[in-house]
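Structural features, examined
Spelled out, the chains give:
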Amino acid sequence: MFLIVGLGNPGAEYEHTRHNAGFDTVDLIADEVGARYWKTECGALTSKGVYRDHDLVLAKPQSYMNTSGGPVKQLMNAYGVDAEHLIVVHDELDIDPGTVRAKFGGGHAGHNGLRSICDKLGTRDWYRVRVGIGRPPGRMPVVDWVLSQPKKDAADDFVQATDRGAQAALSLVQVGLEKTQQAFN
């Protein structure tokens, strides 16, 4: 079983913002695997599906980005999922818009959602699908950038990145890290 967690913030005001790239990606995975019913458990919206004979639990923590670690840990405990079967999908400032990168382990690079997960799990070793959103233009504050919805061409890049993020997460489940990195990084 794999737990695939998309990071984001709950509420209509945050829908489809750059910071909610994880939520949007997990929604695409749910469509792909036929996961239609969402329920609230362990502080997250969850749905279940099967992909290529692998059971999946899809999750969107509802505790806001900066405290995502609590629901992630609770879900791992509830489903008996170890860190090597955890895939976290999140927005990434240091990757160009429209692109994704998969990796295992690493730091949080100032990303508060990742920091929270590192703190709650006591490890940095799990799979990550990093959805590129790029850096804000000029002197725009990062918080304003990540909490805004992409417009025009940037919106196309965002949709492309979330779609590729969904494909990359499912690739991790099916073929593992090395082949996923060859295909997506």
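Look up: the structure comes first, before these words.
Below is a short write-up of the structure. The shown structure was predicted, so the numbers you read here are calculated from the model rather than taken from an experiment.

1. Structural notes on the nonpolar core
Within the largest apolar cluster, 31 residues are counted, with the highest numbers of intra-cluster contacts made by Ile 4, Ile 29, Val 33, Leu 56, Leu 58 and Ile 87. Where this core is concerned, the elements lending two or more residues are β1 (2–6), α1 (21–33), β4 (54–61), β5 (86–92), β6 (100–104), β7 (127–132), α4 (142–146) and α5 (153–175). With eight residues, the single largest contributor to this core is α5. Leaving out residues up to four positions away in the same chain, Val 33 has contacts with Gly 49, Val 50, Tyr 51, Leu 56, Leu 58 and Leu 170. Leu 75, Ala 83, Val 88 and Leu 121 belong to the second largest nonpolar core, which has 20 residues in total.

2. Some thoughts on the pairing of β7
Extensive coverage of β7 is indicated by the burial of six of its six residues. Burial of the side chains of β7 extends over both faces: Tyr 127, Val 129 and Val 131 are buried on one face and Arg 128, Arg 130 and Gly 132 on the other. As defined by bridge partners, β5 adjoins β7 across six bridges and the pair is classed as parallel. Counted as the bridge partner of Val 88 is Arg 128 from β7. Bridging between β6 and β7 involves five bridges; their strand directions are antiparallel. Paired with Lys 103 across the strands is Arg 128, a residue of β7.

3. Here's the deal with the sheet that holds β7
With mixed pairing, the seven strands of this open sheet are ordered in space as β2-β3-β4-β1-β5-β7-β6. Only two strands of the sheet have a single neighbouring strand rather than two, namely β2 (39–41) and β6. Averaged over all pairs of adjacent strands, the angle between strand axes in this sheet comes to 30 degrees, irrespective of strand direction. Lying over the sheet, helix α3 (residues 112–121) contacts β5 and β7, oriented at roughly 150 degrees with respect to β5. Sitting on the sheet, helix α6 (residues 177–184) touches β6 and β7, and the angle it makes with β6 is about 160 degrees.

Rules used in this analysis
Residues numbered from 1 in each chain as written. Predicted model: local features only at pLDDT ≥ 70, side-chain atom pairs only at ≥ 80, totals over all residues. Heavy atoms only, no water. Core = buried A, V, L, I, M, F, W, Y, C linked by side-chain atoms within 4.5 Å. Buried < 20%, exposed > 50% of the residue type's maximum accessible area, 1.4 Å probe, protein only. Helix = DSSP H or I, 4+ residues; strand = E, 2+ residues; numbered from the N terminus. Contact = heavy atoms within 4.5 Å. Pairing = 2+ DSSP bridges. Axes fitted to C-alpha atoms, helices over the stretch in contact; angles between N-to-C directions.

It is worth stressing that arrangement in space is one thing and function is another; only the former is reported here.
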